[in-house]
Structures are given as C-alpha cells and as structure tokens.
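# Close look at the chain arrangement
Residue-level listing of the chains:
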Amino acid sequence: VQLQASGGGLVQPGGSLRLSCTASGRAVSRDSVAWFRQAPGKEREFVTAIFRAGSNTYYADSVKGRFTVSRDNTKNTVYLQMNSLKPEDTAVYYCATSARLILSSLRLEHAYDYWGQGTLVTVSS
C-alpha cells in the first residue's frame, strides 16, 4: 500500500488549499483515513480523521470550522480542504490509513498502518 499526499504550497493568510491523499494497492474505502501535521520544531499532531464506516469525521479544535475532510472512493482519494489558513497552520501534512481505527485511538500515530510522505504547507505573506 502506498499513499501519495499532494497539494501543498505557499499561500497567504486567509487563503485556501486542498490537499489530496491518493492510495494505491488498497481501496481507500476500506480504511479510516487521517491527516496529521508537523510544524518546524514541533511534534506531529492530529488534524482530522474520516472513519470508514459511516464516514464520520473528527477534527482537532485548532482547525474545526476551517478544515474539511472528505473522500472520493471512485478516485481512491481523500481530500483535506483548508480554508482561512493561518501562519500557525504551516507544517508538513501527512495522511495515514487504518483498517481498524477506533474512536479512542484516532489521535494516536501507532493506530495507523500506512503513511504518506508528506506535503509542505506554508502560510505566509
């Protein structure tokens, strides 16, 4: 299984970006998918997750109301729409998948089976 994260770039504060996470070797519809991010000098942190069953979504408080996670199973891709971006959103964003994710574990890195390589998002004027 390989995950390809893309869509990062440089954007001004208040702008938008859409990240994509495309899976190969396994149908993304079979998994729960999360996005994490790692800012310079900081630990990687949970951003959002979309569950396999029912497509329930969960967000970190810092991005709630600004970010939206969605999936397109026909394209084997999960998206992260990021609006109203702030300088503190600057980070490398990673997608990850889990075949057996449970609610109590969604923020834990070890709950995920596969990880993408990351895509850099820079929010700056």
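Structure's up top.
So, a few notes on the structure that sits alongside this text. Quick caveat: nothing in here was measured; it's all calculated off a predicted structure.

### As for the environment of aspartate 72
Looking at the secondary structure, you find aspartate 72 in strand E7 (residues 67-72). Along the backbone, aspartate 72 and valine 92 are 20 residues apart, and their C-alpha atoms lie at a distance of 23 Å. Those residues in contact with aspartate 72 that lie beyond four places of it in its chain are Thr77 and Tyr79. At 2.4 Å, the side chain of aspartate 72 forms a polar contact with the side chain of threonine 74.

### Focus: the pairing of strand E4 (residues 32-38)
On any regular strand, side chains alternate: one points to one face of the sheet, the next to the other face. Taking burial as the measure, the seven residues of E4 include six buried ones, the bulk of the element. Pairing of E4 with strand E9 (residues 91-98), which is carried by seven bridges, proceeds in the antiparallel orientation. The residue of E9 that forms the bridge with phenylalanine 36 is tyrosine 94. Relative to strand E5 (residues 45-50), E4 runs antiparallel, the two sharing five bridges.

### Some details on the state of the cysteines
Within the structure shown, the criterion is met by one disulfide. Covalent S-S linkage joins cysteine 21 and cysteine 95, the inter-sulfur distance amounting to 2.1 Å. Torsion about the S-S bond of the cysteine 21 and cysteine 95 cystine: about 75°, corresponding to right-handed handedness. Taken together, the residues span a long stretch of sequence, with cysteine 21 in strand E3 (residues 17-24) and cysteine 95 in strand E9 at a distance of 74 residues. A relative accessible area of 2% means that cysteine 21 is categorised as buried. The exposure class of cysteine 95 is buried, given its relative accessible area of 0%.

### Quick notes on the nonpolar core
By size, the foremost hydrophobic cluster in this structure holds 37 residues, and its most contacted members are Trp35, Phe46, Phe67, Leu80, Met82, Tyr93 and Tyr112. Among the secondary structure elements, those contributing two or more residues to this core are strand E1 (2-6), E3, E4, E5, E7, strand E8 (77-82), E9 and strand E11 (119-123). Aside from chain neighbours lying at most four places away, what touches tyrosine 93 is Ala5, Leu19, Trp35, Phe36, Arg37, Val47, Phe67, Leu80, Met82, Gly118, Thr119 and Val121.

### What to know about the pairing of E3
Where E1 and E3 come together, five bridges link them in antiparallel fashion. Within E3, the position partnered with alanine 5 by the bridge is cysteine 21. Relative to E8, E3 runs antiparallel, the two sharing six bridges. Within the sheet, the bridge partner assigned to arginine 18 lies in E8 and is glutamine 81.

### Looking at the packing of aromatic side chains
Applying the stated criterion across every chain yields a total of five aromatic pairs. The interplanar angle of 80° and the centroid separation of 5.8 Å between the aromatic rings of phenylalanine 36 and phenylalanine 46 together place this pair among those described as edge-to-face. Placement of phenylalanine 36 in strand E4 and of phenylalanine 46 in strand E5 is noted, with a sequence separation of 10 residues between them. Ring geometry for phenylalanine 51 versus tyrosine 58: centroids 5.5 Å apart, planes at 70°, classification edge-to-face. Ring pairing ties together the aromatic residues Phe36, Phe46, Tyr112 and Trp115, which thus form one cluster.

The rules behind these values
- Residues numbered from 1 in each chain as written.
- Predicted model: local features only at pLDDT ≥ 70, side-chain atom pairs only at ≥ 80, totals over all residues.
- Heavy atoms only, no water.
- Helix = DSSP H or I, 4+ residues; strand = E, 2+ residues; numbered from the N terminus.
- Contact = heavy atoms within 4.5 Å.
- Polar contact = N/O pair within 3.5 Å; in protein donor to acceptor, adjacent residues only side chain to side chain.
- Buried < 20%, exposed > 50% of the residue type's maximum accessible area, 1.4 Å probe, protein only.
- Pairing = 2+ DSSP bridges.
- Disulfide = S-S within 2.5 Å.
- Core = buried A, V, L, I, M, F, W, Y, C linked by side-chain atoms within 4.5 Å.
- Phe/Tyr/Trp six-rings, centres within 6.5 Å; stacked < 30°, edge-to-face > 60°.

Function cannot be inferred from these measures alone, as they are strictly geometric.
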